[in-house]
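# Topology and contacts: notes
Read off the chains here:
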Amino acid sequence: MAEVALRNVVKKYDDVLAVSNVSIDIPNHEFVVLVGPSGCGKSTTLRMIAGLEEITGGEISIGGEVVNDLPPKDRDIAMVFQNYALYPHMTVAENMSFGLKLRKFPKAEIKARVDNAAKILDITELLARRPKQLSGGQRQRVAMGRAIVRNPKVFLFDEPLSNLDAKLRVQMRTEIKRVHQKVKTTTVYVTHDQVEAMTLADRVVVMNGGKIEQIGTPNDLYHHPKTRFVAGFIGSPAMNFIPAKLEANGSGLKIRLSSQLSFQVPDSRTARYRGAIGKDLLFGLRPEHITETRGRENGVGQEFPVTLDVVEPMGMETMVFFKIEGTEVCGRVEPSAAKGSGEIMQLRANLDQMHLIDPATNVVL
Amino acid sequence: MSTAILTAPSAKRISAASSLKRNRRWALIMSYFFLICFAIFFLLPPYYMVVTSLKSDAEMARLATNPWFIFDGATLDQFRILLGQTDFLIFFKNTIIVTVCVVAITMVISVLAAFSLGRMKFWGSGMLATGIFLTYLVPDTLLFIPMFQIVKSIGLLNSYWGMVLVYPTLTVPFCTWIMIGYFQSIPKELDEAALIDGAGHMQMLFKIFIPVALPGIIAAMIFAFTVSWAAFVYPMAFLYSSDQQVLTVGTVTSLIRGDVYKWGMLMAGALLAAAPPLVIYAFLMDYYIAGLTAGATKG
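Residues numbered from 1 in each chain as written. Chains lettered and ligands numbered in written order. Predicted model: local features only at pLDDT ≥ 70, side-chain atom pairs only at ≥ 80, totals over all residues.

### Some thoughts on the overall build of chain B
When helices and strands are counted, chain B shows 15 helices and two strands. Rg of the C-alpha trace for chain B: 27 Å, well past the compact-globule value of 19 Å for 299 residues, more than 25% over. For chain B, the residues scored as buried account for 32% of the 299 residues in total. (Helix = DSSP H or I, 4+ residues; strand = E, 2+ residues; numbered from the N terminus. Rg over C-alpha atoms; globule rule 2.2 N^0.38 Å. Buried ≥ 20, exposed ≤ 12 C-beta atoms within 10 Å, placed from the backbone.)

### Let's talk about the overall build of chain A
When helices and strands are counted, chain A shows nine helices and 22 strands. Counting only C-alpha atoms and orienting by the principal axes, one finds that chain A spans roughly 80 × 45 × 35 Å.

### Observations regarding the sheet that holds strand β17 (residues 310-313) of chain A
Residue and element names in this part refer to chain A. Taken in spatial order, the three strands make up an open sheet running β17-β18-β19, and their pairing is antiparallel. The sheet is open, and its two edges are formed by β17 and β19 (327-333), each paired on a single side. With direction set aside, neighbouring strand axes in the sheet form an average angle of 25°. Where β17 lies against strand β18 (residues 318-324), four bridges are found, and the strand directions are antiparallel. Across the sheet, residue V311 finds its bridge partner in β18, namely V320. (Pairing = 2+ DSSP bridges. Axes fitted to C-alpha atoms, helices over the stretch in contact; angles between N-to-C directions.)

### Points about the packing of helix α8 (residues 168-185) of chain B against helix α11 (residues 214-230) of chain B
All names here are of chain B. One can describe the packing of α8 onto α11 by two numbers: an axis separation of 9 Å at closest approach and a directional angle of 165°. Looking at the two axes, α8 sits roughly antiparallel to α11. Helix-helix and strand crossings are classified by hand; for α8 and α11 the assignment is right-handed. Contacts between α8 and α11 involve L170, T171, F174, C175, I178, M179 and Y182 from the former and G216, I217, A219, A220, F223, A224, V227 and S228 from the latter. Considering only residue class, the contact of α8 with α11 consists of 12 nonpolar, three polar and no charged. (Parallel < 35°, antiparallel > 145°, perpendicular 65-115°, else oblique. Left-handed = near helix turned anticlockwise from the far one by under 90°. Contact = placed C-beta atoms within 7 Å. Nonpolar A, V, L, I, M, F, W, Y, C, P; charged D, E, K, R; others polar.)

### Brief notes about the interface of chain A and chain B
At the junction of the two partners, chain A supplies 17 residues and chain B supplies 14 residues. Looking at the side of chain A that touches chain B, the elements that each hand over two or more residues are β6 (77-80) and α2 (92-102) of chain A. Per-class residue counts for the side of chain A that touches chain B are 12 nonpolar, three polar and two charged.

### With respect to the sheet that holds strand β22 (residues 363-364) of chain A
To summarise the sheet geometry, strands pair through backbone hydrogen bonds and adopt either a parallel or an antiparallel arrangement. With antiparallel pairing, the six strands of this open sheet are ordered in space as β13-β12-β11-β14-β21-β22 (chain A). Since the sheet does not close on itself, it has two edges, and those belong to β13 (262-264) and β22 of chain A, each with one partner.

### Looking at the packing of helix α4 (residues 88-119) of chain B against α11(B)
Residue and element names in this part refer to chain B. Taken N-terminus to C-terminus, the directions of α4 and α11 make an angle of 140°; their axes are 9 Å apart at the nearest point. Overall, the two elements α4 and α11 adopt an arrangement that is oblique. The crossing of α4 and α11 is right-handed. Along its contact with α4, which presents T95, V98, T99, V102, V103, T106, M107, S110 and V111, the element α11 presents I217, A220, M221, A224, F225, S228 and W229. Residues of the contact of α4 with α11, tallied by class, amount to 11 nonpolar, five polar and no charged.

### Side note on the nonpolar core
In terms of nonpolar packing, the biggest core is built from 164 residues, with A:V33, A:L156, A:V188 and B:M179 touching the most fellow members. Not counting residues within four places of it along the chain, the set of residues in contact with A:V188 comprises A:V4, A:I26, A:V32, A:L34, A:L46, A:I49, A:V154 and A:L156. (Core = buried A, V, L, I, M, F, W, Y, C linked by C-beta atoms within 7 Å.)

### Brief notes about the environment of B:F88
Residues and elements named next belong to chain B. Inspection of the secondary structure puts F88 in helix α4. In this structure, the C-alpha to C-alpha distance between F88 and G250, residues 162 residues apart in sequence, is 7.5 Å. Beyond its immediate sequence surroundings of up to four residues, F88 is in contact with L82, L83, T251 and G269.

### A few points about the environment of A:L347
Residue and element names in this part refer to chain A. Positionally, L347 belongs in strand β20 (residues 344-349). Taking the number of C-beta atoms within 10 Å as the measure of exposure, L347 has 22 and is therefore buried. The sequence separation of L347 and T291 amounts to 56 residues, and the corresponding C-alpha distance is 5.6 Å. In this view, L347 contacts I290, T291, E292, T293, E303, F304, V306 and G331; residues no more than four positions away in its chain are not counted.

### A short note on unusual backbone geometry
Residue and element names in this part refer to chain A. Following S236, the chain continues to P237 via a peptide bond in cis, the omega torsion being 0°. Positive phi values are uncommon outside glycine, yet E325 reaches one of about 55°. Mapped onto the fold, E325 is located in the loop between β18 and β19. For N362, which is not a glycine, the phi torsion comes out positive at approximately 60°.

### Notes on the confidence of the model for chain B
Detailed conclusions should not be drawn from predicted coordinates in areas where pLDDT is low. All names here are of chain B. Looking at chain B, pLDDT values average 86 and 90% of them are 70 or higher. The lowest-confidence element of chain B is helix α15 (residues 294-297), averaging 42 in pLDDT; the highest-confidence one is α4, averaging 94. pLDDT under 50 marks residues 295-299. Its contacts with residues more than four places away, or in other chains, come to three contacts. Taken together, the chains of this predicted complex give a pTM of 0.77 and an interface ipTM of 0.80. (pLDDT = per-residue confidence, 0-100.)

### Here's the deal with α2(A)
A large share of α2(A) lies buried, amounting to eight of its 11 residues. The elements touched by buried residues of α2(A) are α3 (107-121) and α4 (136-149) of chain A together with α9 (188-197) of chain B. Positive phi shows up at A:K104, right after α2(A), with a value of about 60°.

### Some details on the pairing of strand β4 (residues 57-62) of chain A
Residue and element names in this part refer to chain A. Here five bridges tie strand β1 (residues 4-13) to β4, and the two strands are oriented antiparallel to one another. Pairing of A5 across the sheet is with S61, part of β4. Summarising the sheet, β4 and strand β5 (residues 65-66) pair through two bridges and their orientation is antiparallel. Its bridge partner lying in β5, I62 is registered against E65. Hairpin connection from β4 to β5: two residues lie between these consecutive antiparallel strands, with G63 at a positive phi of about 60°.

### So, the environment of B:A104
Residue and element names in this part refer to chain B. For A104, the position within the fold is in helix α4. Assessed through the 14 C-beta atoms surrounding it within 10 Å, A104 is described here as partly exposed. Residues A104 and V212, 108 residues apart in the sequence, show an inter-C-alpha distance of 19 Å.

This is the structure in structure tokens:
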């Protein structure tokens with residue numbers, strides 16, 4: 001087990017900049033998730049750590065040793081791939097022991113390690129089977145087993161759950177977390193699914209356009225996003241963004257969303273936002289902070305009436321969609337409180353959770 | 001009310017299903033008809049060979065009888081004379097030696113070439129792969145004259161070892177091409193996993209790629225075997241003494257003297273010569289099909 005450090009890592013494909021000046025410090029035992037949309041450079045970053053891609057600039061070190069020029073086999077890492085990459089002609093046990101055999105481990109040691117990993121992953125009865133005789137979830141377990149037996153310094157996961165169905169994905173997510181809690185190996189995990197990132201990570205690295213947008217704990221990213229991208233990417237359904245103007249209101253501040261609708265900015269935020277008075281801004285509020293007026297605890301809300309556009313019952317809650325000055329806004333309400341589409345409903349916005357974004361820089365104020 | 005609503009669509013469904021069934025039946029009937037036509041068309045020559053090889057010379061000389069049937073009783077005389085009194089067994093042995101060597105040489109060269117061209121992306125690998133295939137498009141009927149000079153200059157004229165040298169020019173390009181396609185259809189994560197597991201390129205080839213690509217390799221082997229077993233132009237041009245001759249040319253040249261055709265032995269020889277490819281195809285047909293269609297079904 002070891003710490004991993006990326007210092008100003010750059011990857012270029014001809015003239016295309018895939019990864020730009022990425023710096024991350026991952027301490028020993030930490031579970032870090034790289035998350036972002038397709039093409040954001042997260043997989044490329046992971047593959048550079050693995051040694052499957054050469055780096056154009058910067059430095060990668062594992063356990064204090066710079067590994068820029070080391071081939072993958074000498075980096076002491078193990079990787080789990082999206083499509084499992086199990087050797088189809090080998091049994092599960094042979095798949096798991098292949099790396100150890102190549103490294104000339106004694107037979108008894110190999111057997112002990114394979115048995116132990118199989119026990120951790122609950123695949124002991126599958127050891128004699130071939131990959132094609134396994135289900136998707138079992139294959140994923142074997143791929144993890146192949147990583148565990150090596151007892152490497154770092155685990156690398158490249159979207160390992162993307163090929164599984166929704167139910168199995170949730171199960172395997174828990175499984176991966178359980179395994180990490182048992183073996184405590186430093187882990188770098190790549191996914192495009194922000195729910196996966198939030199549930200698994202000690203820290204999340206949000207990437208966009210080859211750059212790091214923000215690094216932080218899941219709660220940090222959720223409550224204190226630094227950019228519009230992070231605010232919109234983390235959380236499902238996504239945060240509402242409504243064009244707004246900040247106005248002075250006596251000693252306080254008012255955020256105006258339309259000619260009829262404005263909210264009083266909480267006193268705790270006035271000092272932070274005062275410099276932006278008169279500016280055109282984006283007002284950001286998550287759907288879970290727009291609720292019905294009674295029944296649910298939602299901070300010191302400010303109430304406002306809306307005409308519901310679309311109502312989507314989800315069982316445990318109901319999503320209500322309405323428009324403010326042509327911008328679609330989503331709220332989450334108790335199913336019993338929801339009204340039908342076309343009806344007027346009184347909603348409450350929890351302004352303690354609001355964000356103001358400067359559209360010119362896309363930075364959260 | 002509800003019954004009425006339910007009945008109408010279900011009646012429609014039944015008629016749609018029965019029309020599907022009818023279509024399928026017609027498709028099957030037509031398939032069987034054409035398959036039987038093709039089978040008869042392609043099985044007639046082998047049938048004629050079997051019938052002729054089991055006839056006596058006397059019956060064949062009597063032109064009055066129907067050549068498609070045996071009237072005087074079947075005999076194995078043609079086979080006995082062919083195996084006992086001609087050089088057929090020498091031709092057979094020479095062909096086996098040449099074929100085994102050619103298949104081995106072809107597989108070594110084409111597996112290594114295909115692995116490097118298909119998986120180890122390097123500058124010009126795509127052009128090189130196309131170039132290799134283009135050499136296959138030059139027919140041996142055009143190549144045998146320059147090839148004659150080469151074989152002669154290295155002293156292998158009238159030696160079946162010369163065939164071991166020249167046949168791979170026919171087999172290697174196509175086999176390499178098949179193998180490139182097969183190797184490329186193997187997901188790239190497999191070699192990345194092997195790299196991370198600690199395998200070098202040769203270990204990756206022998207422990208991962210060759211076992212995974214076995215259907216493709218067997219398809220390529222069958223192709224190399226068939227080409228070298230059935231080659232005619234090169235032995236015709238380069239071999240002229242019967243102790244060096246191979247089956248294709250040897251059988252014909254030794255059993256046709258002037259305008260005398262020893263039909264019985266010719267047919268017996270052709271049957272025996274066709275037997276090894278037939279046996280190999282029968283046992284490895286599944287691999288052959290899997291190998292040739294790999295690109296079509298693998299994602």
